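As a plain string of letters, each chain reads:
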Amino acid sequence: INAESFHVPKHKAMWRAMAALAERGETIDPVTLEHQLRATSELGLVGGLEGIGKISDRYASSHHVMRHVAIVAAVAAQRRLVECCERLAEEGREMLENVPAWIDDAQRQIIEASAAKTKKAYRPITAFLHTEFDLTAKQGIAAKKAKEQGRPIPLTGLRTGLHRLDQMPCGLQRGDLVIVAARPSMGKTALAMQIGENVANDGEPVLVISLEMSGGSLTRRMMFSVGRLNAVKFREGRVIEDDMHALVHACDRISKLPISIDDRSGLSIREMKAVARRWRKDPDVFPRDKNLTGMILVDYIQLGQGDENAERR
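The following refers to the structure shown.

How each quantity is defined
Residues numbered from 1 in each chain as written. Predicted model: local features only at pLDDT ≥ 70, side-chain atom pairs only at ≥ 80, totals over all residues. Heavy atoms only, no water. Helix = DSSP H or I, 4+ residues; strand = E, 2+ residues; numbered from the N terminus. Rg over C-alpha atoms; globule rule 2.2 N^0.38 Å. Buried < 20%, exposed > 50% of the residue type's maximum accessible area, 1.4 Å probe, protein only. Contact = heavy atoms within 4.5 Å. Areas by Shrake-Rupley, 256 points an atom, 1.4 Å probe, with all protein chains shown as cover. Lys, Arg positive; Asp, Glu negative; His and termini not counted. Charge placed at Lys NZ, Arg CZ, Asp CG, Glu CD. Core = buried A, V, L, I, M, F, W, Y, C linked by side-chain atoms within 4.5 Å. Pairing = 2+ DSSP bridges. Axes fitted to C-alpha atoms, helices over the stretch in contact; angles between N-to-C directions. Patch = residues over 30% accessible without salt bridge, like charges linked within 9 Å, V, L, I, M, F, W, Y side chains within 5 Å. Salt bridge = Lys/Arg side-chain N within 4 Å of Asp/Glu carboxyl O. Left-handed = near helix turned anticlockwise from the far one by under 90°. Nonpolar A, V, L, I, M, F, W, Y, C, P; charged D, E, K, R; others polar.

Observations regarding the overall build of the protein chain
Now for step 1: Within the protein chain one finds 13 helices and three strands.
Now for step 2: In terms of overall size, the protein chain is more extended than a compact globule, its C-alpha atoms giving a radius of gyration of 28 Å where 313 residues would be expected to give roughly 20 Å.
Now for step 3: Taking the principal axes of the C-alpha coordinates as reference, the protein chain spans close to 90 × 65 × 35 Å.
Now for step 4: By the burial criterion, 28% of the 313 residues in the protein chain qualify as buried.
Now for step 5: The contacts of the protein chain with a sequence gap of at least 6 include a subset with a gap of at least 24, amounting to 62%.
Now for step 6: Accessible surface, the protein chain: about 21,600 Å² in total, of which carbon and sulfur atoms supply 56%.
Now for step 7: Distance between charge centres in the protein chain, computed from 46 positive and 41 negative side chains, equals 4 Å.

Here it is as structure tokens:
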């Protein structure tokens, strides 16, 4: 928490004074607090020495300090969200030049208002160094042991299910943007959906934003892929009983996979961001008690509209 976490002005002033004392390594008590507030001309704001004494008498124990901090942080977050929504409601009553842009910005503001922002956005490289050294050293030791024992090198990211591909980047890493590029009709969608299926089989949520094919077509492809079935045989009516059993089994497997599909064509980049944001915040997809990474597939990115084109549409 920080001074802005408090709503009452005298509490803000008192917090700033205590923070200044703590930063200088000085003891915080009614005497030093009075001196600090007097130096910043805020002693009258807090009610003088009497005001300091009232708070000192009421909150003398720090035994449950973390619980008190949690209460202040929760109420501050609630207040920020209310203020943000009130501001957006006022803006929304006016004529807006660019409604999609306003909606996207409103979603961003609400998400930011829901989270405490008490730290700087930038950090020195030393803040990352220890963690990355530890992870790199552990990865190197684990890989060496696996190689000596003849086992596959352990992955640090999502498993694509394609052994040679997994061994190169050690899986798909959190936060990575991976582009599958090839000439037309070379199997890019099939490859991406195969990777998505393998990731989902490992329990990780997958969102498919399909700008070209319908959700039904993608699902049908998965049915044939999972069931190891020949699509031509079904189209030509050369189906035997075993094929139908395999199809039922494939549908049962697919129904249990955490895969979601948005097959609206012509989405703008802003609209795709909004879809991804809602999906990532969905508690049914990402339960709080599970540390899931998730993967988003966009097929294919060149069909995404710029914001100007989306507005014309």
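Examining the nonpolar core
Now for step 1: If you look at the biggest cluster of nonpolar residues, it comprises 22 residues, and the most contacted ones within it are M193, V199, V206, V208, M295 and L297.
Now for step 2: Contacts of L297, omitting those with residues within four sequence positions, involve A192, M193, G196, V206, L207, V208 and I209.
Now for step 3: By size, the runner-up hydrophobic cluster in this structure holds 10 residues, among which are L207, L211, L267 and V285.

Focus: the sheet that holds strand 3 (residues 295–299)
Now for step 1: Strand order in the open sheet formed by three strands is 2-1-3, and the pairing between neighbours is parallel. A single partner strand is all that each edge strand has here, and the edge strands are strand 2 (259–262) and strand 3. On average, adjacent strands in this sheet sit at an angle of 15 degrees to one another, irrespective of strand direction.
Now for step 2: Pairing analysis gives five bridges linking strand 1 (residues 206–210) to strand 3, with the strands arranged parallel. For S210, the partnering residue across the bridge sits in strand 3 and is D299.
Now for step 3: Packing against the sheet, helix 9 (residues 215–226) makes contact with strand 1 and strand 2, and its axis sits at approximately 145 degrees to strand 2.
Now for step 4: Helix 12 (residues 269–280) rests against strand 1, strand 2 and strand 3 of the sheet, and its axis sits at about 160 degrees to strand 1.

So, the pairing of strand 1
Now for step 1: Of all five residues that make up strand 1, five are buried, and the element is covered over most of its length.
Now for step 2: Because side chains alternate across strand 1, one face comprises the buried residues V206, V208 and S210, and the other comprises L207 and I209, equally buried.
Now for step 3: The sheet contact formed by strand 1 and strand 2 spans four bridges and is parallel. Along strand 2, the bridge assignment pairs V208 with I261.

Regarding a positive patch on the surface
Now for step 1: On the surface, R174, R280, K281 and R288 cluster together into a patch of positive charge.
Now for step 2: A residue is classified by how much of its surface remains accessible, and R280, at 35% relative accessible area, is partly exposed.

Focus: the packing of helix 9 against helix 11 (residues 241–255)
Now for step 1: At a minimum axis distance of 8 Å, the contact between helix 9 and helix 11 shows a crossing angle of 115 degrees. Relative to helix 11, the crossing made by helix 9 is right-handed. Where helix 9 abuts helix 11, its residues M222, M223 and V226 lie against L247, A250, C251, R253 and I254.
Now for step 2: In terms of residue class, the contact of helix 9 with helix 11 is made up of seven nonpolar, no polar and one charged.

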